[in-house]
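Reading the structure
For reference, the chains in residue letters:
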Amino acid sequence: QVRLVESEGGLVQAGGSLRLSCVASGIIFSRSAVGWYRRAPGKERELVATMPDDKGTNYADSVKGRFTISRDNPKNTVYLQMNSLKPEDTAVYYCNVLSSVGNIKYTYWGQGTQVTVSS
């Protein structure tokens, strides 16, 4: 059974930093693409950052230069370091793992964690 467990988010002032983590179990993590998404109140879920493999990364324009995604394969963990936070970063953040078995792709989601940035 695949399980993704996210760390707690929190309340932070604008300009502050926060690091989220997500631990995966029941999956071959090193062969999986990982990512972070978020859903702000009244908005659709959007991509924040993805890491298809150990080297490549992709970021939403709104977080480039402020957020960093990383992974620790031996620990089955993906991180999202968030710096220079803005009130518009307030959202529920979800980690995502995309695993392939042959030609079939499976996507898994964390439970979501609230990040609130005060102005």
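Here we summarise the structure given alongside this text. Note that the structure is predicted; figures quoted are calculated from it, not measured.

Some thoughts on the nonpolar core
Among the nonpolar cores identified, the biggest contains 28 residues, and Trp36, Leu80, Met82 and Tyr93 are the most heavily contacted of them. For this core, the secondary structure elements donating two or more residues are strand S3 (18-25), strand S4 (33-39), strand S5 (46-51), strand S7 (67-72), strand S8 (77-82), strand S9 (91-101) and strand S11 (113-118). Beyond its immediate chain neighbours, meaning those up to four positions away, Leu80 contacts Leu18, Arg19, Leu20, Trp36, Val48, Ala49, Phe67, Thr68, Ile69 and Tyr93.

Things to note about the state of the cysteines
On inspection of all chains with the given rule, the structure shows one disulfide. The disulfide bridge from Cys22 ends at Cys95, spanning 2.0 Å between sulfur atoms. Here Cys22, found in strand S3, pairs with Cys95, found in strand S9; they are 73 residues apart in sequence, far enough to count as distant. Cys95 matches Cys22 in its accessibility class, with the two residues each being buried.

Remarks on the sheet that holds S8
Overall, antiparallel pairing links the four strands, which are arranged S1-S3-S8-S7 in an open sheet. Each edge of the open sheet is held by one strand with a lone partner, namely strand S1 (3-6) and S7. Averaged over all adjacent pairs, the angle separating strand axes in this sheet is 15 degrees, with direction ignored. Strand direction decides the pairing type here: S7 and S8, joined by six bridges, are antiparallel.

As for the environment of Pro52
Examined against the element boundaries, Pro52 turns out to sit in the loop between S5 and strand S6 (58-59). We classify Pro52 as partly exposed; its relative accessible area is 42%. When the C-alpha positions of Pro52 and Gly35 are compared, they lie 7.9 Å apart, and in sequence the two are 17 residues distant. Sequence-distant contacts of Pro52, defined by excluding residues within four places in its chain, comprise Ser32, Ala33, Asn58 and Arg71.

Quick notes on unusual backbone geometry
In this structure, Asn76 is a non-glycine residue whose phi angle is positive, near 50 degrees. When its relative accessible area of 23% is taken as the criterion, Asn76 is described as partly exposed. Even without a glycine there, the phi angle at Ser84 is positive, about 50 degrees. Residue placement: Ser84 occurs in the loop between S8 and S9. Ser84 sits in the partly exposed class, given a relative accessible area of 41%.

So, the packing of aromatic side chains
For the coordinates displayed, the defined rule picks out one aromatic pair. An angle of 70 degrees between the planes, with centres 5.1 Å apart, marks the rings of Tyr37 and Trp109 as edge-to-face. Residue Tyr37 is located in strand S4, and its partner Trp109 is located in strand S10 (residues 104-109); the two are separated by 72 residues in the primary sequence. Against the face of Tyr94 rests Arg45, its NZ or CZ located 6.0 Å from the ring centre. Its end group placed over the ring of Phe29, Arg71 keeps NZ or CZ at 4.9 Å from the ring centre.

What counts, and where the lines are drawn
- Residues numbered from 1 in each chain as written.
- Predicted model: local features only at pLDDT ≥ 70, side-chain atom pairs only at ≥ 80, totals over all residues.
- Heavy atoms only, no water.
- Core = buried A, V, L, I, M, F, W, Y, C linked by side-chain atoms within 4.5 Å.
- Buried < 20%, exposed > 50% of the residue type's maximum accessible area, 1.4 Å probe, protein only.
- Helix = DSSP H or I, 4+ residues; strand = E, 2+ residues; numbered from the N terminus.
- Contact = heavy atoms within 4.5 Å.
- Disulfide = S-S within 2.5 Å.
- Pairing = 2+ DSSP bridges.
- Axes fitted to C-alpha atoms, helices over the stretch in contact; angles between N-to-C directions.
- Phe/Tyr/Trp six-rings, centres within 6.5 Å; stacked < 30°, edge-to-face > 60°.
- Lys NZ or Arg CZ within 6 Å of the ring centre and 35° of its normal.

Function-wise, these values are silent; they only describe arrangement.
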